[in-house]
Amino acid sequence: MATDADRTVVTLTSPTGTPIRADVVDSGSGPRVIFLHGLVGLNEHWEDVVGRIKDRSRCTTLELPLLELRGDDCSLWSVVDMTTQFLEEHVREPCVLVGNSFGGHVALRIAHARPDLVRALVLAGSSGLIERTMVKGAPVRPSKDWLEEKIGELFHDKSAMNPGDVDRAHKLLNERGGARAMVKLSKTARRDNMTDDLGDIACPTLLIWGKQDIVTPPSAGQGFTELMPDARIVWLENCGHAPMLESPVPFAAAVRGFLDELDERKPLNGCAQRDTPR
């Protein structure tokens, strides 16, 4: 677990001017790697991976209170805006963005709009192409049984699911507006198909995909590799939509190898100035 000394809270400003408090955990040293979570994700979901690469990279996990966003702030584009703000104000150098699910979609949008901020991408179960919604028919106040079933669908091996995540999601989604926020964020992501934009993202991209992912199926991962000019994929067997939780050891090994490859390339300031090999 991260120590208290690693943890800080930063205040970001939403597009409507609302102060949004984000939790940040920083550890290690070296080139910056920023981790972005999915709709019901937490900083701690990255800890097993971070623990295996922080000896060669400065790892920062950014946790935004997604299910607490309301009104016009509750959208993919608002989260992209606030994450960009974090990179500009608190990172201030091109970095590797690692994103799972909704967080991968955010990373893609930033790489497309602000290539100067992004050195490379690592995507796991990213939305943006093909996604099976997990929130269709979500009740206004979902029960624990419903949430256990839905969160369980993120895993190939259900034993990898943390019961505490079900309890936390139940609390958040039963607070006023929580379930609606999840549905709205999911809808804004599903409406933003990036097929026509992926060819413009020139930075090196590693996709780490669970072969048994039923939310963003293998065809989604394959689609990213075919549409992005500098992308390759690592398949993880017996793994679902959250490979950093279900398969942290091979996930971290793939990231380490990718970071080593990046270090061998000529250093440049962001993706915009990269020469693509294909």
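Above this text sits the structure in question.
What counts and what doesn't
- Residues numbered from 1 in each chain as written.
- Predicted model: local features only at pLDDT ≥ 70, side-chain atom pairs only at ≥ 80, totals over all residues.
- Heavy atoms only, no water.
- Phe/Tyr/Trp six-rings, centres within 6.5 Å; stacked < 30°, edge-to-face > 60°.
- Helix = DSSP H or I, 4+ residues; strand = E, 2+ residues; numbered from the N terminus.
- Buried < 20%, exposed > 50% of the residue type's maximum accessible area, 1.4 Å probe, protein only.
- Contact = heavy atoms within 4.5 Å.
- Pairing = 2+ DSSP bridges.
- Axes fitted to C-alpha atoms, helices over the stretch in contact; angles between N-to-C directions.
- 1 Å grid on protein atoms, 1.4 Å probe; cavity = no way out; pocket = protein on both sides within 12 Å on 5 of 7 lines; lining within 4 Å.
- Points joined across faces, edges and corners; volume = space filled by probe spheres on them.
- Nonpolar A, V, L, I, M, F, W, Y, C, P; charged D, E, K, R; others polar.
- Right-handed = clockwise from strand over helix to strand, strands pointing away.
- Salt bridge = Lys/Arg side-chain N within 4 Å of Asp/Glu carboxyl O.

Asks: Can you help me understand the packing of aromatic side chains in this one?
Replies: Aromatic rings in a pair are described by how distant their centres are and how their planes are angled relative to each other. Counted by the stated rule, this structure contains 3 aromatic pairs. With a centroid separation of 6.2 Å and an interplanar angle of 55°, the aromatic rings of W46 and F251 are classed as tilted. Pair noted here: W46 is in the loop between β3 (32-36) and α1 (47-53) and F251 is in helix α9 (residues 248-264), with a separation of 205 residues, a long-range link. For the ring pair W209 and F224, a centre distance of 5.9 Å and an interplane angle of 50° mean the geometry is tilted.

Asks: Quick question: what am I supposed to make of the environment of R114 here?
Replies: Mapping R114 onto the fold places it in the loop between α3 (102-113) and β6 (118-124). For R114, a relative accessible area of 26% translates into the label partly exposed. Residues R114 and D167 lie 53 residues apart in sequence; the distance between their C-alpha atoms is 37 Å. Contacts of R114, omitting those with residues within four sequence positions, involve T84 and E88.

Asks: Can you help me understand the sheet that holds strand β7 (residues 205-210) in this one?
Replies: Whenever strands of a sheet pair, they do so through backbone hydrogen bonds, lying parallel or antiparallel. What the 8 strands build is an open sheet, ordered β1-β2-β4-β3-β5-β6-β7-β8; its pairing is mixed. Each edge of the open sheet is held by one strand with a lone partner, namely β1 (7-13) and β8 (231-236). The mean angle between the axes of side-by-side strands here comes to 20°, regardless of whether they run parallel or antiparallel. Set on the sheet, helix α2 (residues 76-91) makes contact with β1, β2 (19-27), β3, β4 (58-63) and β5 (95-100); between it and β1 the angle comes to about 120°.

Asks: Please explain empty space enclosed by the protein as it appears in this structure.
Replies: Empty space among the atoms becomes apparent when a probe as large as a water molecule is rolled across them. In total, this model carries 3 cavities of 30 Å³ or more according to the counting rule given. Taken as a whole, the second largest cavity spans an internal volume of roughly 80 Å³. Contributing to the lining of the second largest cavity are L36, H37, L62, L64, L66, V79, T83, F102, G103 and V106. Contributing elements (two or more residues each) for the lining of the second largest cavity: α2 and α3. Among the elements that make up the lining of the second largest cavity, the one with the highest residue count is α3 (3 residues). A class-by-class count of the residues in the lining of the second largest cavity yields 7 nonpolar, 3 polar and no charged.

Asks: Honestly, the pairing of β6 in this entry has me stumped. Any pointers?
Replies: A regular strand places its side chains on the two faces of the sheet in alternate fashion. Summarising burial for β6: 7 of the 7 residues are buried, a large majority. In the classification by handedness, the crossover that spans β5, the intervening α3 and the parallel β6 is right-handed.

Asks: I'm lost on the layout of surface pockets in this one. Help?
Replies: If you add up the space inside the largest pocket, you get close to 260 Å³. Every residue lining the largest pocket is counted, 16 residues in all, and those nearest its centre are E63, L64, P65, L66 and E68. Residue assignment for the lining of the largest pocket shows that the elements contributing at least two residues are β2 and α5 (163-173). Split into classes, the residues belonging to the lining of the largest pocket amount to 9 nonpolar, 2 polar and 5 charged.

Asks: Just checking my understanding: could you explain the pairing of β8 for this structure?
Replies: Pairing between β7 and β8: 6 bridges, direction parallel. The partner of G210 across the bridge, within β8, is L236. Taking the sense of rotation as the criterion, the β-α-β connection linking β7, helix α7 (residues 218-227) and β8 turns out right-handed.

Asks: Is there a simple way to explain the pattern of salt bridges in this structure?
Replies: Once the charged atoms of two side chains with opposite charge are near each other, the side chains can pair. According to the stated counting rule, one finds 13 salt bridges in the structure shown. A salt bridge links E47 to R7; the nearest nitrogen and oxygen atoms lie 3.9 Å apart. Here E47 is found in helix α1, whereas its partner R7 is found in strand β1, with 40 residues between them in sequence. Residue R7 is classed as partly exposed on the basis of its relative accessible area, which comes to 37%. Among the ionic pairs, R232 bridges to E261, the shortest N-O distance being 2.8 Å. In this pair, R232 is assigned in strand β8 and E261 in helix α9, connecting sequence segments 29 residues apart. Judged by relative accessible area, E261 falls into the partly exposed class, the value being 36%.

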